[in-house]
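Per-entry structural report
Here is how the chains run, residue by residue.
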Amino acid sequence: MSERFYLYDDTEETRTRFVSFMGESQRFDLAIITSSRYYGKKLVLDVLSNRFAIIGTDDLEEPGYLEHAYQISKEEAGELRSFLYEVI
């Protein structure tokens, strides 16, 4: 077996916020991870759907970004977007 080739192998201190809220049609259970790795963006994990995305304010303004990343409807994405604008 050949030697493993790492592109990087770093350990970093992060801050994680766990938040759960109920929208009009869906519950969101999120882990929002703040790190210096993502150029000021946050790693947002949806624990219920096992989906995640690296999100900044520019991504929130991108049409269809949340719908695609989390496989949710336009209405559900609107609720999530509204919350994320408060924390990102």
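Residues numbered from 1 in each chain as written. Predicted model: local features only at pLDDT ≥ 70, side-chain atom pairs only at ≥ 80, totals over all residues. Heavy atoms only, no water.

**Examining the overall build of the chain**
A tally of helices and strands in the chain yields three helices and four strands. Mapped in sequence order, the helices and strands of the chain form the string β-β-β-β-α-α-α. Projecting the C-alpha coordinates of the chain onto the three principal axes gives extents of approximately 50 × 25 × 25 Å. Put simply, the chain shows about 6500 Å² of open surface, and 50% of that area lies on carbon and sulfur atoms. Taking the average place of the 10 positive charges on the side chains of the chain and the average place of its 17 negative ones, the gap between the two points comes to 2 Å. (Helix = DSSP H or I, 4+ residues; strand = E, 2+ residues; numbered from the N terminus. Areas by Shrake-Rupley, 256 points an atom, 1.4 Å probe, with all protein chains shown as cover. Lys, Arg positive; Asp, Glu negative; His and termini not counted. Charge placed at Lys NZ, Arg CZ, Asp CG, Glu CD.)

**Topic: the environment of Val44**
Structurally, Val44 is set in strand E3 (residues 42-46). Taking the relative accessible area as the measure of exposure, Val44 reaches 0% and is therefore buried. For the pair Val44 and Gly23, spaced 21 residues apart in sequence, the C-alpha separation works out to 17 Å. Non-local contacts of Val44, meaning those with residues more than four positions away in its chain, are made with Leu30, Ala31, Ile32, Arg51, Phe52, Ala53, Ile55, Tyr70, Leu84 and Ile88. (Buried < 20%, exposed > 50% of the residue type's maximum accessible area, 1.4 Å probe, protein only. Contact = heavy atoms within 4.5 Å.)

**Topic: the environment of Leu43**
In this fold, Leu43 is placed in strand E3. Residues Leu43 and Ala53, ten residues apart in the sequence, show an inter-C-alpha distance of 5.9 Å. Residues in contact with Leu43, not counting those within four places in the same chain, are Ala31, Ile32, Ile33, Tyr38, Phe52, Ala53 and Ile54.

**A closer look at helix H3 (residues 74-87)**
For H3, with 14 residues, the first-to-last C-alpha span of 20 Å sits near the 20 Å given by 1.5 Å per residue. For H3, every residue scored as buried is listed here: Glu76, Ala77, Glu79, Leu80, Arg81, Phe83, Leu84 and Val87. Of the surrounding secondary structure, the elements contacted by the buried residues of H3 are strand E1 (15-22), strand E2 (27-34), E3, strand E4 (51-55), helix H1 (57-60) and helix H2 (65-70). (Expected span 1.5 Å × (residues − 1).)

**Considerations on the pairing of E3**
The element E3 is extensively covered by neighbouring structure, given that four of its five residues are classed as buried. Direction of pairing for E2 relative to E3: antiparallel, over a ladder of five bridges. Bridging across to E3, Thr34 finds its partner in Lys42. In this structure, E3 lies alongside E4, joined through five bridges in antiparallel fashion. Counted as the bridge partner of Leu43 is Ile54 from E4. The hairpin formed by E3 and E4 contains four residues between the paired strands, and Asn50 there has a positive phi angle of roughly 60°. (Pairing = 2+ DSSP bridges.)

**Structural notes on the sheet that holds E1**
An order of E1-E2-E3-E4 is seen for the four strands of this open sheet, with the pairing classed as antiparallel. Since the sheet does not close on itself, it has two edges, and those belong to E1 and E4, each with one partner. The sheet shows a mean angle of 20° between the axes of neighbouring strands, taken without regard to direction. Here eight bridges tie E1 to E2, and the two strands are oriented antiparallel to one another. Looking at the pairing, Thr16 lines up with Ile33 of E2. (Axes fitted to C-alpha atoms, helices over the stretch in contact; angles between N-to-C directions.)

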